[in-house]
Every structure is written in C-alpha cells, then in structure tokens.
Amino acid sequence: MATAAVWGVEEHARAVRSVALELARRVGIAGDSLQVLEEAASHHHHPLDLGTGDALARLASEVVPGLAVLPGPAARPAAPAADLIHTLRKRSTGVHHDLLADLVELADLVVEHYEYCGLVNQPFDLGGIPLLAASAGFDPSLVEALEPSTGVLEFRHAARLVGVRPRLALRILSLGEDAGAREVSLIGEEDPIVAAHLIRAANSALYGTRFEVTNVPHAVNHLGVPVARQVILAVAMRPASASGRLLQEWRHAVTAAEFARTFGLHAGLASSEELFLAGLVHDIGRLVLYHLSAPLVSAYERLREQGCPPNLAETILTGMDHSRLGSFLLADWRFPEVLVEAVADHHAPSHPVASLLYVAEHAITGSPEGIISPPSLEDALDACGLSPQHLGEAAPSPLLEALAD
C-alpha cells in the first residue's frame, strides 16, 4: 500500500494560520495585529505552561524519576501571541469576545471540519459553518467574510478564458466505438490545431515511419482510430495558452486519462473514451480557478505558500473546491452524467469511476491532495477492482511524448 499523505499537528497549525490570515485580510486587519495573529494561529495548540525549563524538568522527573532536562531556549510564542492563546483557552469561562481570538477559533473550526471530511471520506464544503459561527456570537464581519465573492457568471467567464473545446470532445464521444477512420478524419480536418497535433503525433518517434505523414487521413490511418481519437480528446481539453502551471496541469490530466482508460477498461467501469475523458477533465476546475480575477489567484497562491491544502484554499475563496467547480462546468457543457459525478466526487469517491480517479491521483503523484485515510484508499481500490500493486504502475505517458511541442 502506498504511503498516505501525512497530516499532523504542524499541518493543522499551518492550515489554521493560512485561513485565519485570509479572513483577517478580508476584514481589514493589518500591521502588528496581523503578525500577532499569525504567531498565535501557528502556536494555538502550544502547551504554554510547559514552555520553560523548570516546567519541563518537573514533568520529566514525574515521568522518569531522576531524568535531567538540559537547559535551552524556551520554545514559546512571544508575549502578545501567548496572551491571545490564553484568551482562546479561557473562552469557555465567559471571557468577552476578541476579534483576533475569534479569527483563530473560526479558522480552527473550518480546518477541523475539513479534517473530519477527509477522514470519513465526505466532500468538503463550508456547509453550516457560517450559521454556526453567527449563532455562537462570532463577530458579524467574520461571518460575512466566510461568504465567497465569486459566482456562477464569473465561473462561466473564466471557463471561456481557459480555451478548452468541450464541444469537440463531445463530438468524438458521440461517434460511438464503431466509428471508422473517415469519420474521425473529417473532425480532425475541421480544426487546424487538431490537424497539426494529429500529424505531429503520427510523425513522432513513438509512431513514426520511414515516410513523412503530411495529412490528417494518413495520420489517422497510421495512428489507428483509437489513438487518433485520444489525440483529439487531449487536444480538445488542452488550455489555449498551455504554458507553465497550466501545461503542468494538462500533462497531469493526460497521464491520469491513460491510467483511467487502461485500468478502468480492464474492470469494465465505462467505455474506453469515457474513461479517458474522465481523466482529462478531473481537474478542469483548477484550470478555471487560474483564470478568475487576479486578486483571487494571488490569494490562492498565498494560501498555498502558507501551507493551506489546495482544496481547502479553493473552498475558502470560491465556496467550492476544484472537483465541485469542475462538475458544475461539465454539467453546464452537457457532459455525460457518469463524468459529472466522477469529477465531483474524485476526492471523496462514492462510485467506481470516481474511485478510479482517486486511485489515479495516488498512483501518479505519490502525494495526493488533502487528507487521505488508508481505509478510503483501500475502499477505492476495491470499488474499481484494483490492488495496491496497481499504484506503482503509472508509467510515463507515451501519448504525451507523441504530443510534445
């Protein structure tokens, strides 16, 4: 069994810090207060009373009589942050609400809910947290700060900016498994970019012959109809400006598509093309996120740099993570329901194709996103008829080599 993503106290503290700082910026907190908040959130589980050598020596002598503790610097947050942590721990005794303490406690509540969802294999969203925070007496400005500022129109506009071609993918899907080279060639000839990629793939080292391929029908016949269809699907879901992080996301998607097709077809989970397309679009929501407003993208990158897991950062900023955003777009594009559901649930799978995508993430990256519980991974493997050995079988994508610019 592959090693699950590690999540412990340090990861929890980093996530709380990043969420608290993001909410603080939304309500206008800056300067020294922001620094105090950052330190307090980073150490909100710190055993303050054990931060001195004397306290540690007493504890050590009680656990192991005669054990000596060498003197050293106290691992303790600075006084303002320590005072804030003390305030947090006295909240239950009726201490008056403090805005900074509210921020840490609210961020802690959000992260604990995120952790719970990961451990019990449930999709993560903010759910009733805003209502709970309001009823618990949190500062109204903080409750309002939990509401995302991005809506459906912004998502659709950003999806257009990505430059993928869902209609082209649906045309290939609609051909059916028995379509021949002529039907595929006609579609390939309609789009100069698709035509160029088909010819490039046919002339690549992987598929090349002694004679140069110069037209689409020749390319389709040389590649074979199944591979030609995969090339068209991969090109259809490639961002218009595929460079940097967008190119990296697309390359990951093509590798996931080949894994899903290979192992999902063997298990009879869906048609070859549906499985391939499921892998291609499983992270389409993240491509859209990168095309939202510049301030939102900057906030996302800041959260990630501070140690916030990607799907938690996405939900804090947009109200849904990339899997939910992706499924919304696929439904909008009228993709088959099996793909919409698989993309929606691929981080908390509840059916075989979603489980296959979940396994693919493990097999390809080795360090999947979010909190992974070993039982969830075992259940996903069982659901798609795979074994732990398959996690080591995600080979480099030959199709990517053939499509390389």
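Preceding block: the structure.
The structure contained in this document is the topic of the report that follows.

### As for the overall build of the chain
1) Next: For the chain, the helix and strand inventory stands at 23 helices and zero strands.
2) Next: Going through the 405 residues of the chain one by one, you find that 51% of them count as buried.
3) Next: The contacts in the chain between residues at least 6 apart in sequence include a share of 69% that link residues at least 24 apart.
4) Next: A total of about 18500 Å² of accessible surface is found on the chain, and carbon and sulfur atoms cover 55% of it.

### Let's talk about the packing of aromatic side chains
1) Next: Evaluated as defined, the whole model comprises five aromatic pairs.
2) Next: A centroid spacing of 4.6 Å and a plane angle of 50° characterise the contact between Phe 259 and Phe 263, whose relative ring orientation is tilted. Residue Phe 259 and its partner Phe 263 are both found in helix H14 (residues 244–266); the two are separated by four residues, about one turn of the helix. The same class applies to Phe 259 and to Phe 263, which are both buried.

### Topic: the environment of Glu 177
1) Next: In this structure, Glu 177 sits in the loop between helix H9 (166–174) and helix H10 (181–190).
2) Next: Put simply, Glu 177 and Ser 271 are 94 residues apart on the chain and 8.3 Å apart in space, counted from C-alpha to C-alpha.

### Notes on the side chain of Glu 22
1) Next: Secondary-structure assignment places Glu 22 in helix H1 (residues 9–26).
2) Next: Residues in contact with Glu 22, not counting those within four places in the same chain, are Ala 299, Arg 302, Leu 303, Ile 316 and Leu 317.

### Remarks on the pattern of salt bridges
1) Next: Evaluated as defined, the whole model comprises eleven salt bridges.
2) Next: In this structure, Arg 14 and Glu 10 form a salt bridge, with 4.0 Å as the shortest nitrogen-oxygen distance. Of this pair, Arg 14 and Glu 10 are both found in helix H1, four residues apart, which corresponds to roughly one turn of the helix.
3) Next: On the basis of relative accessibility, which here comes to 31%, the residue Arg 14 falls in the partly exposed class.
4) Next: By relative accessible area, Glu 10 is classed as exposed at 57%.
5) Next: One salt bridge connects Arg 165 with Asp 191, and the closest N-O pair in it is separated by 2.3 Å. Residue Arg 165 is found in the loop between helix H8 (152–162) and H9, and its partner Asp 191 is found in the loop between H10 and helix H11 (192–202); the two are separated by 26 residues along the sequence.
6) Next: We classify Arg 165 as partly exposed; its relative accessible area is 22%.
7) Next: In the salt-bridge network here, residues are joined through shared partners; they are Glu 10, Glu 11 and Arg 14.

### Some words on the nonpolar core
1) Next: Counting 103 residues, the largest nonpolar core has Leu 198, Leu 277, Leu 280 and Leu 312 as the members making the most contacts within it.
2) Next: Among residues more than four places away in sequence, those in contact with Leu 280 are Leu 233, Ala 234, Met 237, Ala 253, Val 254 and Ala 257.
3) Next: Grouped together as the second largest cluster of nonpolar side chains are 16 residues, Ala 270, Leu 356, Val 359 and Cys 384 included.

### Some details on the packing of helix H13 (residues 225–236) against helix H15 (residues 272–281)
1) Next: Put simply, H13 and H15 touch, their axes get as near as 10 Å, and they point 25° apart. With respect to their mutual orientation, H13 and H15 come out roughly parallel. Note on packing geometry: the crossing formed by H13 with H15 is right-handed. In contact with Arg 229, Gln 230, Leu 233 and Ala 234 of H13, H15 contributes Glu 273, Phe 276, Leu 277 and Leu 280.
2) Next: When the residues that make up the contact of H13 with H15 are grouped by side-chain class, the tally is five nonpolar, one polar and two charged.

The rules behind these values
The residue numbers shown here count from 1 along each chain, following its written sequence. Selection of residues for local features in this predicted model requires a pLDDT of at least 70, selection of side-chain atom pairs for listing and counting requires 80 or more, and totals for whole chains, interfaces and linings are taken over all residues. Values shown for side chains rest on all heavy atoms present in the structure; no hydrogens or waters enter the calculation. Secondary structure elements follow DSSP: runs of H or I of four or more residues count as helices, runs of E of two or more count as strands, with numbering from the N terminus. Only protein chains enter the accessibility calculation, which uses a 1.4 Å probe; a residue whose area is less than 20% of its type maximum is buried, one above 50% is exposed, and one in between is partly exposed. Residue contacts are counted whenever heavy atoms from the two residues lie within 4.5 Å of one another. Computed by Shrake-Rupley with a 1.4 Å probe, the accessible areas treat only the displayed protein chains as cover when residues are assessed. Only rings of Phe, Tyr and Trp enter the pairing, Trp through its six-membered ring, and a pair is recorded when the two centres are within 6.5 Å. The plane angle decides the type: under 30 degrees is stacked, over 60 is edge-to-face, the rest tilted. The rule for a salt bridge is simple: a side-chain nitrogen of Lys or Arg has to be within 4 Å of a carboxyl oxygen of Asp or Glu. Grouping buried Ala, Val, Leu, Ile, Met, Phe, Trp, Tyr and Cys residues that are joined through side-chain atoms within 4.5 Å yields what is termed a nonpolar core. Axes here refer to lines fitted to C-alpha atoms; in helices the fit is confined to the stretch in contact. Angles between the N-to-C directions go from 0 to 180 degrees. Each angle is binned into one of four classes, with values under 35 degrees roughly parallel, values over 145 roughly antiparallel, values of 65 to 115 roughly perpendicular, and all other values oblique. A clockwise turn of the near helix away from the far one marks a right-handed crossing, whereas an anticlockwise turn of less than a right angle marks a left-handed crossing. Just so you know the grouping, Ala, Val, Leu, Ile, Met, Phe, Trp, Tyr, Cys and Pro go in nonpolar, Asp, Glu, Lys and Arg go in charged, and all remaining residues, Gly too, go in polar.

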